[in-house]
Amino acid sequence: MAITKILIANRGEIACRVIRTARKMGIKTVAVYSDADARSPHVLMADEAVHLGPPPAAQSYLLADKIIEACKATGADAVHPGYGFLSERESFRKALDAEGIIFVGPPANAIAAMGDKIESKKLAKAAGVNVVPGYVGVIEDTEHAVRISNEIGYPVMMKASAGGGGKGMRLAYSEQDVREGFEATKREGLNSFGDDRVFIEKFIESPRHIEIQILGDQHGNIVYLNERECSIQRRHQKVVEEAPSPFVSPEMRRKMGEQCVALARAVGYFSAGTVELIVSGADKTGDGFYFLEMNTRLQVEHPVTEEITGLDLVEQMIRVANGEELSFRQEDVKINGWAIENRVYAEDPYRGFLPSTGRLIRYNPPETGADETGALVRVDDGVVEGGEVSMFYDPMIAKLITWAPTRLEAIDKQIAALDQFEIEGPGHNIDFVSALMQHERFRSGNITTGFIAEEYPEGFTGAPASETLLKRLSAIGAFAAMAQADRARRIDGQLGKRLSPPTDWQVKIGDAIHDVVINGDDVTVDGEAMELALEYTPGDRLIEAEFGEEQLAVKIAPVRSGFVLTVHGASHKLRILPAHAAVHARHMIEKIPPDLSRFLICPMPGLLVALNVREGDKVEAGQPLAVIEAMKMENILRAQKAGVIKSVSAAQGESLPVDAIILELE
């Protein structure tokens, strides 16, 4: 029996992604939604939509019985779970099987075997897959954890057995770290997954995170669709993914692929799945790869594999669920060019990557499709301008995927596309991922999972700009100021004759001052001629400038006495004055920002789950004062300096907005 109608038990970007493929295959679709998603794109795209419940996932997207009811009500004969939510829940697959509804995914036994990190390691070992040294078994308490860690040798990683998505993980470099983190890891496991079991394993040095995409049918055919490199991570969350990996040789690819296929065969796997491997970047033999876990579902980063293989993985999953055989064999799987994906998150890299929520006042992704060179831009998203990035779900706004014949071309295509991405409302990480794309170490391919922590130890302050770029921005800024002055002079009712706009400008950008002269089409910066072509009308938000052969897309926003120009991963504030007025600027008094160090300020919207101090308490620097829970993660707020608590403004259990004052020190 062929699938005729699929219910997508998910939301956002992946729900839209599945609907697009189903539509292409002539299959009808049903969306499900919570109150928070009532007007979301996936609901409007689907043929039908069913309401599940209130915004929290536990009261909507995680309710298997509600989803089964929705299938019956709409006559959906199959369910695609996407990723997250119920995608890796064995009980959900079994419940669907019992109702005769097709699950677009692997069999229940494979989900169960791979969902438990402890059991999956035993299976991997038995199937002949390399595994990381560690303790497989249940750990009783902190003392037991300390003993095990000492035996394995530091550093060690403590992980919640049912964990995933970077939650319930702690790295320990010493016995003290184990003592501090073990209970917290158990709690996070219990809160996020209802399971407080923890296991401990050796942490691999110079680690690269490389995964193999597996695809199998129900007739025993299993192939691997090459690898993806996902080493660029922040707090164990992937940020950049690419295929193929710059580290993997054809021989290594074959070894990895064959081991991963053997593992899939051992659990009777079919559908799409991914085996995640931790690979030692220090090991040049190509044998230093170890089984980490298997994701028995589609991955967020599947588009990069689609772009280099030419396969639609969602279509393949649906065909497999339909009982069809794979239409190709291992030798038919090729690698064509290079693909890179950047995850655009609602998080503020300038404030320690704190989650950011709110309405998308403006959302304008770059143009998609291929350019004249064949390089491709693809955007997978599930948001729309005016929509809300809510505190209830993952903060991902969109995925930007580029493809080109070579790695560096694909990277450069990312930089250009990111410059055209307009997002206003919540904070976002576009500047940060653009900075990564420009980073020499990333471009060299010499990356590890520690890349972000090593390269940005003090946090992110914007991508460094070259002298050439700053001069170009000065010229653009002066041109925009001239256009504004030209418009201002056309306003009616002014005294005297209309003055022509100034042609000589002084642009202050950072600490540097540039003199720009615009005379008709001739532009000079600091006396040097510059080839510049652009169009700008006051009110435009994006300027497409051409410097000879080179193109530059710059986002522009007016501020007092100038503009903020955002390009290539940084925002630059330009103070722009007519040359005759600039000489007086030195008489302007600098405004000193207020001292906020005596306040404990809520760094993100979240729930105040613990308040450890009261009025009058003495505190030391580094002492934990409060715990804020946001995006399912607990964040400890510590005292920046010693002092006495003068007043407390927030209560435990309160939902706080960003920048709310929690307490004040004397």
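Sequence positions are assigned chain by chain, starting from 1 and proceeding in written order. Totals for whole chains, interfaces and linings use every residue, but because this is a predicted model, local features are given only for residues with pLDDT of at least 70 and side-chain atom pairs only at 80 or more, for both listing and counting. Side-chain calculation: all heavy atoms of the structure are included, whereas hydrogens and water are not.

Okay, a negative patch on the surface next. On the surface, a cluster of negative charge is contributed by Glu367, Glu531, Glu544, Glu546 and Glu549. Strands are runs of DSSP state E lasting at least two residues, helices are runs of H or I lasting at least four, and both sets are numbered from the N terminus onward. Along the chain, glutamate 544 turns up in strand 29 (residues 542-547). Judged by its relative accessible area of 44%, glutamate 544 is partly exposed. Candidate patch residues must exceed 30% relative accessible area and have no salt bridge, after which like charges are joined if within 9 Å and Val, Leu, Ile, Met, Phe, Trp or Tyr side chains if within 5 Å. Shrake-Rupley sampling with a 1.4 Å probe provides the accessible areas, and residues are treated as covered by the protein chains on show and by no other component. Here, a salt bridge means any Lys or Arg side-chain nitrogen found within 4 Å of an Asp or Glu carboxyl oxygen. His is not counted, nor are the chain ends, whereas Lys and Arg count as positive and Asp and Glu as negative. In plain terms, the charge of a residue is placed at NZ if it is Lys, CZ if Arg, CG if Asp and CD if Glu. For every residue, the accessible area (1.4 Å probe, protein chains only) is compared with the maximum for its type, and the residue is labelled buried under 20%, exposed over 50%, or partly exposed between those bounds.

So, about the sheet that holds strand 14 (residues 289-295). At least two DSSP bridges between two strands are needed for those strands to be called paired. Pairing is antiparallel in the open sheet, where 9 strands are placed in the order 14-13-10-11-12-15-23-21-20. Taken across any chain shown, the strands that pair with only one partner, and hence form the sheet edges, are strand 14 and strand 20 (369-370). In the sheet, strand 11 (residues 222-234) pairs with strand 12 (residues 237-243) via 4 bridges, with the strands oriented antiparallel. Residue isoleucine 232 lies in a different strand from strand 12, and its bridge partner there is valine 240.

Next up on the list: the packing of helix 12 (residues 407-420) against helix 13 (residues 430-438). Axis definition: a line fitted to C-alpha atoms, over the contacting stretch in the case of helices. Angles run 0 to 180 degrees between N-to-C directions. As a packed pair, helix 12 and helix 13 sit with axes 9 Å apart at the nearest point and diverge in direction by 155°. The angle between the axes of helix 12 and helix 13 places the two elements in the roughly antiparallel class. Judged by the twist between their axes, the crossing of helix 12 over helix 13 is left-handed. From helix 12, Ile411, Gln414, Ile415 and Leu418 reach across to helix 13, where they touch Ile430, Val433, Ser434, Met437 and Gln438. Residues were grouped as follows: Ala, Val, Leu, Ile, Met, Phe, Trp, Tyr, Cys and Pro as nonpolar; Asp, Glu, Lys and Arg as charged; and all remaining residues, including Gly, as polar. Split into classes, the residues belonging to the contact of helix 12 with helix 13 amount to 6 nonpolar, 3 polar and no charged. Orientation categories follow fixed angle ranges, with anything under 35 degrees roughly parallel, anything over 145 roughly antiparallel, 65 to 115 roughly perpendicular, and all other angles oblique. We call a crossing left-handed when the near helix sits turned anticlockwise from the far one by less than a right angle, and right-handed when that turn is clockwise. We call two residues in contact when some of their heavy atoms are within 4.5 Å.

Here strand 1 (residues 5-8) shows no split at all, with Lys5 and Leu7 on one side and Ile6 and Ile8 on the other all buried. Pairing of strand 1 with strand 2 (residues 28-34), which is carried by 4 bridges, proceeds in the parallel orientation. Across the sheet, lysine 5 pairs through a bridge with lysine 28, a residue of strand 2. Each parallel crossover has a hand, and the one from strand 1 via helix 1 (residues 12-24) to strand 2 is right-handed. Here strand 1 runs beside strand 4 (residues 78-80); their pairing, made up of 3 bridges, is parallel. Looking across to strand 4, one finds that isoleucine 8 is bridged to histidine 80. By convention, a crossover is right-handed whenever its connection, traced from the first strand over the helix to the second and viewed with the strands pointing away, goes clockwise.

So, on to the packing of aromatic side chains. To pair, rings of Phe, Tyr and Trp, with the six-membered ring standing in for Trp, must have centres within 6.5 Å; the planes then decide the type, stacked if under 30 degrees apart, edge-to-face if over 60, and tilted in the middle. Applying the stated criterion across every chain, the model contains 12 aromatic pairs. With a centroid separation of 6.1 Å and 85° between ring planes, the pair formed by phenylalanine 92 and phenylalanine 103 is classed as edge-to-face. In this pair, phenylalanine 92 sits in helix 4 (residues 90-99) while phenylalanine 103 sits in strand 5 (residues 102-103), placing the two residues 11 residues apart along the sequence. Of the residues examined, phenylalanine 92 reaches a relative accessible area of 0% and is grouped as buried.

Right, let's talk about helix 11 (residues 313-321) for a bit. Among the 9 residues that make up helix 11, 8 are buried, leaving the element largely enclosed by the rest of the structure. The complete set of buried residues in helix 11 reads Leu313, Val314, Glu315, Gln316, Met317, Ile318, Val320 and Ala321. For helix 11, the N-terminal cap is aspartate 312; the gap from its side-chain oxygen to the backbone nitrogen of valine 314 is 3.0 Å. Glycine 323, located one to two residues past helix 11, shows a positive phi value of around 90°. Any pair of nitrogen or oxygen atoms within 3.5 Å is treated as a polar contact; in protein, a donor-acceptor pairing is required on top of that, and neighbouring residues in sequence qualify only through side-chain atoms on both sides.

Taken as a whole, this structure holds 53 salt bridges when the rule is applied. Measuring nitrogen to oxygen at the nearest pair gives 3.3 Å for the salt bridge that ties arginine 472 to glutamate 550. Of the two residues, arginine 472 is situated in helix 16 (residues 467-489) and glutamate 550 in strand 30 (residues 550-559); the sequence distance between them amounts to 78 residues. Residue classification places arginine 472 among the buried residues on the basis of a relative accessible area of 17%. According to the relative accessible area criterion, glutamate 550 is partly exposed, its value standing at 48%.

Let's shift gears to helix 6 (residues 117-126). Of all the positions in helix 6, only Lys117, Ile118, Ser120, Lys121 and Ala124 are classed as buried. Seen end-on, helix 6 carries its buried residues on one side only, within an arc spanning 165°. Where helix 6 begins, one side-chain oxygen reaches toward the backbone nitrogen of isoleucine 118, 2.9 Å away; that side chain belongs to aspartate 116. Positive backbone phi, at 85°, marks glycine 128, one or two positions downstream of helix 6. Note that the arc is computed from the directions linking the helix axis to the C-beta atoms.

Right, let's talk about the side chain of threonine 402 for a bit. Here threonine 402 is to be found in strand 23 (residues 396-404). Residue classification places threonine 402 among the buried positions, given a relative accessible area of 0%. In this structure the side chain of threonine 402 is engaged in a polar contact, spanning 2.9 Å, whose partner is the backbone oxygen of alanine 410. Every residue in contact with threonine 402, bar those within four places of it in the chain, is listed here: Trp338, Ala339, Ile340, Leu376, Val377, Ala410, Lys413 and Gln414.

With that out of the way, let us pick up the packing of helix 7 (residues 142-152) against helix 8 (residues 175-193). Direction vectors running N to C along helix 7 and helix 8 enclose 140°, while the axes themselves pass 9 Å from each other. In terms of their interaxial angle, helix 7 and helix 8 are classed as oblique. Our pair here, helix 7 against helix 8, has a crossing hand that is right-handed. Residue-level contacts link Thr142, Glu143, Ala145, Val146, Ser149 and Asn150 of helix 7 to Glu175, Val178, Arg179, Phe182 and Glu183 of helix 8. When grouped by side-chain class, the residues that make up the contact of helix 7 with helix 8 number 4 nonpolar, 3 polar and 4 charged.

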